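Descriptive structure summary
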Amino acid sequence: MKSKNVILVSGCFFALMCIGLPVEAAINIIYPQQDVWVSTKTNIMQVVGTLDGEKDKFVTVKVKGGKVEGSNKSPILSGAFDCVVILKKGKNQIIVKSQKSEVIRTVYLADSRRKVPKGIKRYYIHPPVEIPSCDTCHQLKGKTPSHKRILPTKANCTEGDCHPKIGKGEYVHGPLGAKVCVFCHNPHGSLLPNEISRAGADLCISCHQESKSYFEHKEIMPPVKEGNCAACHDPHQSSVKFQLKGKTLEGLCFNCHDKKIKNFKVLHGPMQKGDCIACHNPHSSPNKWLLEEKGDEFCFLCHKERMEQFKRKFSHTPEKEGCNGCHTAHGSNFKFQLKAKEPELCYPCHEKSHPDALREMKVAKVKHGAMKDGKCSSCHTVHSTNFEKQLKAGVKTICFTCHEELKDEVASSKYQHGAVKEGNCNACHKSHGAAYPGLLLKYYTPEFYASFTPTAYSMCFECHNKDIVKDKATTKLTDFRNGAQNLHYLHVVKKKGRTCRACHEEHAGDQKKHIRKEIPFGMWSYPIEFTLTKNGGTCVVGCHKPLSYNRVKPVKY
């Protein structure tokens, strides 16, 4: 009678279908393997083997160092045998003999690897499982009994007292769900912990053939590269899809990655949801950072509505280089996950590409309203555009976005100043900042009355003849004259001279020559009625009585 402590292994001969039998030896010991060390609580080990090509009814078992439990003669049943041996500490030689054959297995019994010779591998013995006999797993009865034939029975590993908690998770591994534990575990024993039948990724790939492609890519997740699928996946069960370890996908990633990447005010959508694999392939990828696509194509997987913005005539330089030039992939303290707020985000690049312009912006005495607010994107598109200078629209259109009152004035007027008519606001104004009021390119006196100096009218003289008020009498400098009397000179060159805007509109008006409709005077406003004739004109204004002028026949005042 065998001892109750004998290590009986579930499905003693199951491994026979997986391990080829050498033809040169009649005796083949399946369990244990050669030159291994074991650690057991009872010092007891079961020996399992087959006898091929011989008609012996039993084999003889002897142990050098230990001893055989019970009889040293083990009967042959359907070509297979088993017996129980008691090992001693250290080296043991198990000798199995038939009439014609002999096989020796060397097994070391030790508490740790340090107590065995180098090169000797550990053999992990499956804990004892109570079963009636080997025919629980092997078909040893019937017309064609064979230890190589497996009964279609399910394992009872999780139904008894051995592993009662396994298989109860929300997501269960397929073989476990089918209760076929031997897909992954060797029921006798193995050179690997937990009696795993194959090492590393080889075990998983034996079923998951598509996983072979993971190792063909340039970028491979470290656990995958190491063949350690169990670093992320629980081989039995999990509360998370794909049998991931941890309570959440995000929690699993943060086992290795710093969770500080989520400590921002503005988080990327997938990051906010904890869906890391929306962007990153969890196994491998041909792209850096294990991204699902490379370059902008990656962002367009989700941001399809943005694609049109990148097909326009002019592209922002950072957009060509990739979204990460301005945006962070995980989170930021700024809107749209920008790396910095405007205009600090814009300055580092523009200090290199447009150093003079940026320096001028910073020192400008008069700043554009958008610049004061630090909103470069008020006028410029950050991706691409059909307009130069990355503008959101043409110059006039973009200016009228804010200057609505001027838009209405220009649209409703019969006559427009040349630059306005051309839509070229930049002919007179700087778009970011200037040294002069009104963001003017040159100085123009802001006063209604001013003593004449050429510099007071520098802005106007950029286009108009600066000699227009040079002479008191002229027949060439201006058409605004009474005979040879220069009426521009008359109005402007005096201590209390009238500036250009006293009579003319800067942008648009309904009277020819851009004559103003009204003249501001203190809290009042005086109307101007101007009539242009072939050789002169007539002016009716609150400043003086109605007066006319004629270049051919001078009017006498």
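Above this text you will find the structure in question.
Presented here is a report on the structure given in the accompanying data block.

The rules behind each value
- Residues numbered from 1 in each chain as written.
- Predicted model: local features only at pLDDT ≥ 70, side-chain atom pairs only at ≥ 80, totals over all residues.
- Heavy atoms only, no water.
- Helix = DSSP H or I, 4+ residues; strand = E, 2+ residues; numbered from the N terminus.
- Rg over C-alpha atoms; globule rule 2.2 N^0.38 Å.
- Buried < 20%, exposed > 50% of the residue type's maximum accessible area, 1.4 Å probe, protein only.
- Contact = heavy atoms within 4.5 Å.
- Areas by Shrake-Rupley, 256 points an atom, 1.4 Å probe, with all protein chains shown as cover.
- Lys, Arg positive; Asp, Glu negative; His and termini not counted.
- Charge placed at Lys NZ, Arg CZ, Asp CG, Glu CD.
- Patch = residues over 30% accessible without salt bridge, like charges linked within 9 Å, V, L, I, M, F, W, Y side chains within 5 Å.
- Salt bridge = Lys/Arg side-chain N within 4 Å of Asp/Glu carboxyl O.
- Pairing = 2+ DSSP bridges.
- Axes fitted to C-alpha atoms, helices over the stretch in contact; angles between N-to-C directions.
- Phe/Tyr/Trp six-rings, centres within 6.5 Å; stacked < 30°, edge-to-face > 60°.
- Lys NZ or Arg CZ within 6 Å of the ring centre and 35° of its normal.

Looking only at helices and strands, one finds 15 helices and 32 strands in the chain. Taken against the 2.2 N^0.38 rule, which gives 24 Å for 557 residues, the C-alpha radius of gyration of the chain at 47 Å runs more than 25% over that of a compact globule. Scored against the burial criterion, the 557 residues of the chain give a buried share of 36%. By sequence separation, contacts in the chain at least 24 residues apart represent 52% of the contacts at least 6 residues apart. Total accessible area computed for the chain in this model is approximately 34,500 Å², and 55% of it derives from carbon and sulfur atoms. Separation of charge centres in the chain, based on 86 positive and 54 negative side chains, amounts to 2 Å.

Together, Glu404, Glu405, Asp408 and Glu409 make up a region of like negative charge exposed at the surface. A residue is classified by how much of its surface remains accessible, and glutamate 405, at 55% relative accessible area, is exposed.

Let's shift gears to the sheet that holds strand β30 (residues 524-532). Strand order in the open sheet formed by four strands is β29-β30-β31-β32, and the pairing between neighbours is antiparallel. Each edge of the open sheet carries a strand with a single partner, namely β29 (518-521) and β32 (544-550). Averaged over all adjacent pairs, the angle separating strand axes in this sheet is 20°, with direction ignored. Of the pairings in the sheet, the one linking β30 to strand β31 (residues 536-541) comprises five bridges and is antiparallel in character. Counted as the bridge partner of phenylalanine 530 is cysteine 539 from β31.

A few words on the packing of aromatic side chains. Under the definition given, this model contains eight aromatic pairs. Seen from their ring centres, phenylalanine 480 and tyrosine 549 are 5.1 Å apart, and the 85° between their planes marks the pair as edge-to-face. Here phenylalanine 480, found in the loop between β24 (449-450) and β25 (481-482), pairs with tyrosine 549, found in strand β32; they are 69 residues apart in sequence, far enough to count as distant. Classification of phenylalanine 480 by relative accessible area gives partly exposed; the value is 24%. Following the ring pairs from residue to residue traces out a cluster consisting of Tyr444, Phe452, Tyr457 and Phe461. Positioned over the ring face of tyrosine 449 is lysine 496, at 4.5 Å from the centre of the ring.

The next thing to look at is the pairing of β32. Where a strand is regular, its side chains alternate between the two sheet faces. Pairing geometry for β31 and β32, over five bridges, is antiparallel. Within β32, the residue paired with threonine 538 across the bridge is serine 548. The turn joining β31 and β32, which pair antiparallel and follow one another in sequence, is formed by two residues.

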